Amino acid sequence: MSQLGSQIKDELENFGLETPEDEVMTKLTGLCSDLAIKPSDLADQWMAFSINNRNLDLDMEGLGKFEKFKMSKINQSPAVKKERKSILNATTCIGDLFDDILGTYGLDHSPVRTSQSQKRPLESPGSFRVPKVSKTPTRAPVQPSRVSRGGLCTLSPVTASPSQTYSQRKGSGDIVNTFNEGGLSPVTDWSGQGGGVKVSLSSSLSKPYQYMFHKLAAKADVLDEHLEIMGTMLSNHHNIQLENLAQPSQGECRVVGRVCCDSSGKMNSSSVVLEGSIDVSYGKRVAVDLRAVDKYALFPGQIVALEGTNPTGRKFIPTKILQPVPLKKRVITSAAKPVTIFGACGPYTSQDSLSYEPIADLLTKVGEELPDVLVLLGPFVDVKHPLVEKCDVGDITLEDLFEGQIRHILQNIPPSTHLIIVPSQRDACCDFVYPQPPPDLNITSPNLTFASDPCVVEVNGVSLAMTSTDVLFHLSSEEISHPPGSDRMGRLAGHLLHQQNFYPLHPPSEDVNIDYPHFIKHAFFESKPDILLLPSDLRYFVKNVQDSVVINPGKLGKGSGTYFKMRVESSTQITNSTFVNIVKV
């Protein structure tokens, strides 16, 4: 078989098609050459044609129909081009074409032309007068304005008026949550070391990448690889032999699979199915009867090990859900020096205004208390803000507004404070993909770090893992658990550590666009983080989850607005040496 034939065979196998007969393979190779298309495109087009023709078989008769269909398309293309050309030739000038377009919408447009020439000089400002569709009064050009805020300024469009909601907030400066398991003395002086803090990215994307190009086969490979890796870890941890989950078994057996829902709605205890790996279970799915399990917490995408029976091969009846594999502990080379970290998550404006008053107040506190590190997670220009959705931000571009905010923050923090910026998929000027590369801004400073979402940052030897994606809220919408009444927030955060990645939910929320080939490289934990930062629309909290300090600081621009202040005395026994306050801005 030729190299081209081998490539065609591989592409067909990706769709589950068996290797065709030699005569059919020769025909496919000829079609690939005659139509000048790649083997992958040939396989895609054949599958689309076959499905549209009642699952046509891949044989000589079916290929004959496919070839006739493709040749008819090719023969029609010159006529289409000729027709398009005639339409363009019928319009004598761009002005006439512009008139026709505006006329379609019932708008009157009369271009102003001189009698000497029908062409518009490039530098003539009055040659075309574009009608004003909106009756909104014309605004003056918007320049970045600085709104004074306790000696500091915030960059906002001049059209932005102060937020009524934010100005009427109550309890500014109140401590609403405290974490102090080690019984440390309450921190009153939050000042850091005065500089010299060592900040390094231990796990992060470093540059943008092309996304929306991976094939379904690549996505399936990544999901199956993850399932096989977790299955091997569970098998070794519990010292068990895994079996095919679809194999009938009267005796007790142990299986590993990915939790799925048997319908398109929200999963419930009666709609749980388990999907096995291709290597062990040939990718098959079976229903799961949970009535014999005393305690469970499941969500779509979760990889679990079950112990039970499967009498018919169609329904697995578990009696026990085996414990997940704990993350390995991080190797600590030396005890960390005490470090003070402040942090907040966007949006940094209230919903009724684009004035960045909350971030201005936070910067005031940073200037007064001088922490070692300030962590800010996006969105900075929230694509879901009502004014951004309507593009009502004046004449300043969203890119300029975003870059101006970062420059402003950098200029108004103390020289001894290191700034870490993490983007969000809700940022109007950042790539809508997960994992998300760091912001592509032409801003450099020795005390500035642009990180990706998600990322793991080491600060003086303390491991800080964080993501701006609201994974807690997404998990809470999909998880089912029994019995009720347990620590829900701690359980949701624990799912990330059990599944050993930042976003274990599959399929993901509609708000999350996952690139799976990059996800498996950049969204998994190599070891247990000391601090896990998971901002969410759910209520703020600080908890000890599996010996990691998990923080949901809330959102700075939501309601009264909250942020966190943290002092870590040592990287050994992190939960006993960490003091955290969540404070209203």
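Check the entry above for the structure.
Residues numbered from 1 in each chain as written. Predicted model: local features only at pLDDT ≥ 70, side-chain atom pairs only at ≥ 80, totals over all residues. Heavy atoms only, no water.

Visitor: Explain the sheet that holds strand β20 (residues 548–552) to me, please; I cannot follow it from the model alone.
Guide: Strand-to-strand pairing in sheets goes through backbone hydrogen bonds, with the strands running parallel or antiparallel. The six strands lie next to each other as β4-β15-β16-β18-β20-β19, forming an open sheet whose pairing is mixed. The open sheet is flanked by β4 (199–203) and β19 (541–545), the only strands paired with a single partner. Recorded for the sheet is a direction-independent mean angle of 25 degrees between the axes of neighbouring strands. Across four bridges, the pairing between β4 and strand β15 (residues 455–459) is antiparallel. (Pairing = 2+ DSSP bridges. Helix = DSSP H or I, 4+ residues; strand = E, 2+ residues; numbered from the N terminus. Axes fitted to C-alpha atoms, helices over the stretch in contact; angles between N-to-C directions.)

Visitor: Would you mind showing me how to read the environment of K38 here?
Guide: Summarising the element assignment, K38 is placed in the loop between α2 (22–34) and α3 (39–52). The class for K38 is exposed, based on a relative accessible area of 53%. In the structure, K38 is positioned 30 residues away from I8 in sequence and 8.7 Å away in space, judged by C-alpha atoms. (Buried < 20%, exposed > 50% of the residue type's maximum accessible area, 1.4 Å probe, protein only.)

Visitor: Honestly, helix α7 (residues 216–238) in this entry has me stumped. Any pointers?
Guide: Since the α-helix turns once every 3.6 residues, residues separated by three or four places project in the same direction. Over its 23 residues, α7 extends 33 Å from the first C-alpha to the last, a length consistent with the 33 Å expected when each residue adds 1.5 Å. Its buried side turned inward, α7 meets β5 (249–261), β6 (272–275), α8 (278–281), β9 (303–310), α13 (488–499) and α14 (516–522). Just downstream of α7, N239 is the residue with a positive phi angle, here 55 degrees. (Expected span 1.5 Å × (residues − 1). Contact = heavy atoms within 4.5 Å.)

Visitor: Mind showing me how you'd approach the sheet that holds strand β7 (residues 285–288) here?
Guide: The mixed closed barrel is built from five strands, whose spatial order is β5-β6-β7-β10-β9. Mean inter-strand twist for the sheet, computed between neighbouring axes without regard to direction, equals 55 degrees. The pairing of β7 with strand β10 (residues 315–321) spans two bridges and is parallel. Bridged to A287 within β10 is K315.

Visitor: When you look at the nonpolar core in this model, what are you seeing that I'm missing?
Guide: Nonpolar side chains tend to gather and get buried jointly when the protein is soluble and globular. Of all hydrophobic cores here, the largest spans 37 residues; its most connected members are I359, L376 and L419. Of all the secondary structure elements, the ones that give two or more residues to this core are β11 (339–345), α9 (357–369), β12 (373–377), α11 (398–411), β13 (418–422), β14 (448–450) and β22 (578–584). It is α11 that contributes the most residues to this core, five residues altogether. Within the second largest apolar cluster, 31 residues are counted, among which are Y434, L475, L497 and V512. (Core = buried A, V, L, I, M, F, W, Y, C linked by side-chain atoms within 4.5 Å.)

Visitor: Sorry, what's going on with the pairing of strand β16 (residues 462–466) here?
Guide: The side chains of a regular strand alternate, residue by residue, between the two faces of the sheet. Judged by how many residues are buried, β16 sits mostly within the fold: five of five residues are covered. Here β15 runs beside β16; their pairing, made up of five bridges, is antiparallel. In the sheet register, V457 faces β16, and the bridge partner there is L464. Connecting the antiparallel pair β15 and β16 is a turn made up of two residues, with N460 showing a positive phi of about 55 degrees.

Visitor: Would you mind showing me how to read the packing of helix α1 (residues 3–14) against α2 here?
Guide: In a packed pair of helices, the relevant descriptors are the angle between the two axes and the axis-to-axis distance. Direction vectors running N to C along α1 and α2 enclose 100 degrees, while the axes themselves pass 10 Å from each other. Relative to α2, the element α1 is oriented roughly perpendicular. The residues of α2 that touch α1, namely those facing L4, G5, I8, K9 and L12, are M25, L28, T29, C32 and S33. When grouped by side-chain class, the residues that make up the contact of α1 with α2 number six nonpolar, three polar and one charged. (Parallel < 35°, antiparallel > 145°, perpendicular 65-115°, else oblique. Nonpolar A, V, L, I, M, F, W, Y, C, P; charged D, E, K, R; others polar.)

Visitor: I tried to follow the side chain of S548 on my own but got confused; where do I start?
Guide: Looking at where S548 falls in the secondary structure, it is placed in strand β20. Overall, the relative accessible area of 0% leaves S548 in the buried class. Dropping the residues within four chain positions of it, S548 is found in contact with L497, K528, P529, D530, K543 and T575.

Visitor: Hey, could you run me through the packing of aromatic side chains in this one?
Guide: Aromatic ring pairs are described here by two measures, namely the spacing of the ring centres and the angle between the planes. Taken as a whole and assessed by the stated rule, the structure comprises 15 aromatic pairs. Taking the centre distance of 6.2 Å and the plane angle of 70 degrees together, the rings of Y209 and Y211 count as edge-to-face. Of the residues examined, Y211 reaches a relative accessible area of 21% and is grouped as partly exposed. Taken together, the ring pairs in this structure connect Y434, Y503, Y516, F519 and F524 into an aromatic cluster. (Phe/Tyr/Trp six-rings, centres within 6.5 Å; stacked < 30°, edge-to-face > 60°.)

Visitor: What am I meant to see in the packing of helix α12 (residues 471–478) against α13 here?
Guide: With their axes 10 Å apart at the nearest point, α12 and α13 run at an angle of 105 degrees to one another. It follows from the interaxial angle that α12 and α13 lie roughly perpendicular. Contacts between α12 and α13 involve V471, L472, L475 and S476 from the former and R488, L492, A493, H495 and L496 from the latter.

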